[in-house]
Amino acid sequence: MTKIELTVNGTRHAREVEDRTLLVDLLRDHLGLTGTHVGCDTSQCGCCTVHLDGRAVKSCTMLAAQADGASIVTIEGMAKGDKLHPVQQAFTDCHALQCGFCTPGMIMATAALLKDNPNPTDEEIYHGLEGNLCRCTGYINIVKAVKQAAQTMK
Ligand code: FES
Ligand code: FES
């Protein structure tokens, strides 16, 4: 077992976890933050994307112990009260989701993309989201949403 301390969505947490515990399992099973989804467990789908110290990471690809001391933001930390994050609002406005299973990861990946590149081209959006898979939308409205969010966040 390993003792870890980390900040998640602004709240400090101390936990003792098995060495094999994945970060996504810490978030979902220990902290009850089930907005972070598991679509594959093999680093393929991006459904589990969160921000770790400001960078997008697939939380199924790292151990909880590796996040000791980190600051993490999950999809639950994006809205401010009733006000959706601009990326969340854009996904809503552009109908950029159907079943919604991929959406938390898409939103976290998009927010990280726009932080690094506030005005991405279509090609840069494709490249920035290539680690996130959607089984439903065909991606066209997702790309529209990324562009709307980029405009809103200027
Ligand atoms: S669940 Fe992590 S990449 Fe699919
Ligand atoms: S909206 Fe269903 S997987 Fe993306």
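Residues numbered from 1 in each chain as written. Chains lettered and ligands numbered in written order. Predicted model: local features only at pLDDT ≥ 70, side-chain atom pairs only at ≥ 80, totals over all residues. Heavy atoms only, no water.

Chemist: How do you make sense of the domain arrangement of the chain when you look at a structure like this?
Modeler: Where interface size is quoted, it is often the accessible area lost as the parts come together. Along its sequence, the chain is organised into domain 1 (2-77) and domain 2 (86-152). Averaged C-alpha coordinates put domain 1 and domain 2 at centres separated by 21 Å. At the junction of the two partners, domain 1 supplies 17 residues and domain 2 supplies 16 residues. Buried surface at the junction of domain 1 and domain 2, summed over both partners, amounts to about 1200 Å²; 62% is from carbon and sulfur atoms. Taken together, domain 1 and domain 2 are joined by zero salt bridges. In this structure, the connection of domain 1 to domain 2 is made through seven residue pairs in polar contact (both at pLDDT 80 or more). Here the element with the most residues in the side of domain 1 that touches domain 2 is strand β3 (residues 49-52); it accounts for three residues. (Domains from an automatic or database assignment. Contact = heavy atoms within 4.5 Å. Buried area = accessible area lost by both parts, 1.4 Å probe. Salt bridge = Lys/Arg side-chain N within 4 Å of Asp/Glu carboxyl O. Polar contact = N/O pair within 3.5 Å; in protein donor to acceptor, adjacent residues only side chain to side chain. Helix = DSSP H or I, 4+ residues; strand = E, 2+ residues; numbered from the N terminus.)

Chemist: Is there a simple way to think about the pattern of salt bridges in this case?
Modeler: Close approach of charged atoms lets side chains of opposite charge pair. As enumerated under the stated definition, the model contains three salt bridges in all. Across the pair Arg12 and Glu5 runs a salt bridge, and its minimum N-O distance is 3.4 Å. Here Asp122 and Lys147 are joined by a salt bridge, their closest N and O atoms 2.5 Å apart. Taken together, the positions of Asp122 in helix α4 (residues 122-128) and Lys147 in helix α5 (residues 140-152) put the pair 25 residues apart, joining distant regions of the chain. Taking the relative accessible area as the measure of exposure, Asp122 reaches 30% and is therefore partly exposed. (Buried < 20%, exposed > 50% of the residue type's maximum accessible area, 1.4 Å probe, protein only.)

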